[in-house]
Amino acid sequence: MFILRKIKKIAGKIIRITYKLTYKLFKVDDKLMIFISFHGKGYSDNPKAIYEEIIQDERFKGYRFIWFIKDHKRKNITIPGAEIKEYFSLSYFYYMSKAKYWIINCKMPIYICKKENQFYLQTWHGTPLKRLAHDIDVSEDTTFYRSAVTYEQMCNSYDVDVARYNYMISPNAFCSQVFPSAFGINKERLIETGYPRNDFIVNATKDDVFRIKKKLNIPMDKKVILYAPTWRDNSYVAAGYTFELKADFHKWKEILQEEYVVLFKPHYLIINKYENDRSLDGFLYSIPANNDIKDLYVISDVLITDYSSVFFDYAILKRPIYFYMYDIEEYATDLRGFYMDIHKELPGKIYKEENEMLMDIKNQIYDDSRMEVFNQRFNNLDDGKASKRVVDIIYKAGH
């Protein structure tokens, strides 16, 4: 296994060097568009919403669309109207050199080269609660990610990518204030449009809810709790980030089973998989980390999260949100810190003990007094038409 990893590492390095030496040789194709979501994890998020708007738009008739997805053959993914190619393959580097348009929701590696006549739209993937990039206030000896890069190296990786952006989507006025300091991007390159991925949340129908529940085999007569925690900067192994589950699902079942089922959806960066105890069958549904979460939002009656940005999107539905922050002191001080006063501005109560939280859910105790002000600040642009606004900008930029 060690030898195989070594060979792959050497091969990757050779490919990247070859790419840097040859990428200028390939002529840009004005009708070629590539999409990447979460470093090739799948077909999801803002790039998916933008793609699905574009293929309905007559102005893009005759264009060629390519999605880069890891292990796409094993995942058996099909995308109507698009080609799927392997992420970080030879074709990946070839088409990155040729495509006029890049639609991407995550930070690209520093070795990727962009030509002057290529158009890079960075959609990003969430309104931040946790401080990002240049806004993280840490001691000089702090390291980041599994690769243990320094603060300077971490910030540089953002700087390199931001320099390549033509535009970056801002979902709201709050992000338009935060992103310039976090990413070092000038406001002229921010397009405040709302998030395309949230169009589905706004426009979802009862038929959509029925279809999704049927697909996931969720009981129609039970209320649904979505538990979607985030990753921790300081919890990882060589292969990726891990998550130490602090939820006693047997206790959840004991208290809630008569009325609810639970969908457990880890963050996309989490690599360890939760194995369901058979005694929890029919109550707990473990959803793969790389699944698109928007379907889970619309079928859920309640959200439980911690520091994940999922609550910004979920608040659009004006449904109860419970914040299970069992490690709040460590997270707020030892990790990245927050952009807001979580005790005064979150649209829900913070819980350190799951017993109290579960009893409040069971008794339907939820204070929604902050929800309206919260949505006015963070979701005022989510009117179901963000994708169209973004696609209009893409078309105008390319013509």
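The shown structure was predicted, so the numbers you read here are calculated from the model rather than taken from an experiment.

K.L.:
Help me understand the side chain of N198, please; the structure alone is not making it clear to me.
P.N.:
Note on placement: N198 falls in the loop between β9 (190–192) and α7 (199–203). Excluding residues that lie within four positions of it along the chain, N198 makes contacts with D313, I316 and D382.

K.L.:
Can you help me understand unusual backbone geometry in this one?
P.N.:
Notably, H39 is not glycine yet its phi reads approximately 55°, a positive angle. Note on placement: H39 falls in the loop between β1 (29–36) and α2 (45–54). For H39, a relative accessible area of 26% translates into the label partly exposed. The phi torsion at D71 lies on the positive side, around 50°, for a residue other than glycine. Here D71 shows up in the loop between β2 (64–69) and α3 (72–75). On the accessibility criterion, D71 (38% relative accessible area) is partly exposed.

K.L.:
Before we go on, may I ask you to explain the sheet that holds strand β10 (residues 223–227) in this structure?
P.N.:
The strands that make up a sheet pair up through hydrogen bonds in the backbone, lying either parallel or antiparallel. Read from one edge to the other, the open sheet built from six strands follows the order β14-β13-β10-β15-β16-β17, with strand pairing classed as parallel. Lying at the two open borders of the sheet, with one neighbouring strand each, are β14 (284–286) and β17 (350–351). Bridge count between β10 and strand β15 (residues 302–305): three bridges; the pairing is parallel. Each residue of the ladder has a partner; that of Y227, found in β15, is I304. Each of β10, β13 (260–264), β14 and β15 is contacted by helix α9 (residues 249–256), which is oriented at about 155° to β13, the strand it contacts most.

Rules and cut-offs
Residues numbered from 1 in each chain as written. Predicted model: local features only at pLDDT ≥ 70, side-chain atom pairs only at ≥ 80, totals over all residues. Heavy atoms only, no water. Helix = DSSP H or I, 4+ residues; strand = E, 2+ residues; numbered from the N terminus. Contact = heavy atoms within 4.5 Å. Buried < 20%, exposed > 50% of the residue type's maximum accessible area, 1.4 Å probe, protein only. Pairing = 2+ DSSP bridges. Axes fitted to C-alpha atoms, helices over the stretch in contact; angles between N-to-C directions.

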